Amino acid sequence: MPLNSWLYGWFDPVSMMVAEDPTAPSAGWAKLETNETYFGSGGVSTGPATVYVKCTGHNADCEKGEAVSEDGSNELSWRSTEVMNSTGGLITVVTLNGTTGGFLTGSGDMVNAGGYAVTTVDCSGTGEVEGIPVDKCSATVDPTKTPITAKLINSGSLLDAITPALPVYFGADISLKSEEISGLIISGSSTSTFYLDTRTGTDLATEPTMDDLQEVFQIVQSSAIEGDDAEEMESSIVQNQEYMGWWMNFDNGFDYVALLLYIGGVALIIMHFVMAGQKEDEVFE
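Caption draft 1: View of the sheet that holds strand S7 (residues 122-129). Strand order in the open sheet made by the 5 strands is S7-S8-S9-S10-S11, with antiparallel pairing throughout. Two strands lie at the open edges of the sheet, namely S7 and strand S11 (213-224), each paired on one side alone. Between one strand axis and the next, the sheet turns by 20 degrees as a mean value, whatever way the strands run. Sheet topology places S7 next to strand S8 (residues 132-141); 6 bridges connect them, and they run antiparallel. Its bridge partner being in S8, Thr126 is matched across the sheet by Asp135.

Caption draft 2: Quick peek at unusual backbone geometry. For Asp71, which is not a glycine, the phi torsion comes out positive at approximately 55 degrees. With respect to the helices and strands, the residue Asp71 is situated in the loop between strand S4 (67-70) and helix H3 (81-86).

Caption draft 3: Representation of the environment of Ala172. By the element assignment, Ala172 lies in strand S9 (residues 168-179). Separated by 30 residues in the primary sequence, Ala172 and Asp142 have C-alpha atoms spaced 7.2 Å apart. Apart from the residues within four sequence positions on either side, Ala172 is in contact with Ala139, Thr140, Val141, Thr191 and Ser192.

Caption draft 4: Expanded view of the pairing of strand S10 (residues 185-197). As defined by bridge partners, S9 adjoins S10 across 11 bridges and the pair is classed as antiparallel. Looking at the pairing, Ser175 lines up with Ser189 of S10. The turn linking S9 back onto S10 is made up of 5 residues, and Gly183 within it adopts a positive phi angle of 85 degrees. Where S10 and S11 come together, 11 bridges link them in antiparallel fashion.

Rules behind the numbers
- Residues numbered from 1 in each chain as written.
- Predicted model: local features only at pLDDT ≥ 70, side-chain atom pairs only at ≥ 80, totals over all residues.
- Heavy atoms only, no water.
- Pairing = 2+ DSSP bridges.
- Helix = DSSP H or I, 4+ residues; strand = E, 2+ residues; numbered from the N terminus.
- Axes fitted to C-alpha atoms, helices over the stretch in contact; angles between N-to-C directions.
- Contact = heavy atoms within 4.5 Å.

Encoded structure:
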């Protein structure tokens, strides 16, 4: 299968036959990655754009930056209650609760690995990115335990839970670096790998080992804060937390007030010594 078809769209007649509405234009079409239409379909729409809702920090039920819902649901679309019911409970529910939307709290953080899995974030160690102190965090997805058959077939039937029907597995290694004070993620990278189970027959019904899985392709992504943004962030967050020098970046009006107070304080000290000296002269006279 060509790479574009594998990522953005392919047609499976079996999936079309078991679809809720086999006559629908999208029946039988599947994709891995986001695209407005299924590749090679002649313009068949993949549906409306996904709407993500994140917590602003003004709701006591969620942490700032956490994902709240995806298209109105707090569950992965292919690991939802509806899918669980259609597969007799063989496909379990996975929620977005606690998944990061750009911030890390340092406790109980989760990350949504591209819609294929939700996994925990572990933080250990510190470092710097563009001079900004950061916490180093990581997350992994074990491919031997993450079949994505249900996401690819998406028939709304028991077929979604039959891994041998399309024995594709997903794994990921994720690295995140968040600013120590705010928790804002300012650098990150991920390697997502798709595997095909090379076993045959009834062996496909059991959990594979890494020796059974053949890499099909990888998606490698990375991003980091730009130099100018890092300088602005260092000024607005890091320097503003300094006990004595918080005002020296002059990023708001209070900084100038602080400067005037410092100048006034120094002036008063000088005046004190001048006046004290004058009094001593008067005594000697």
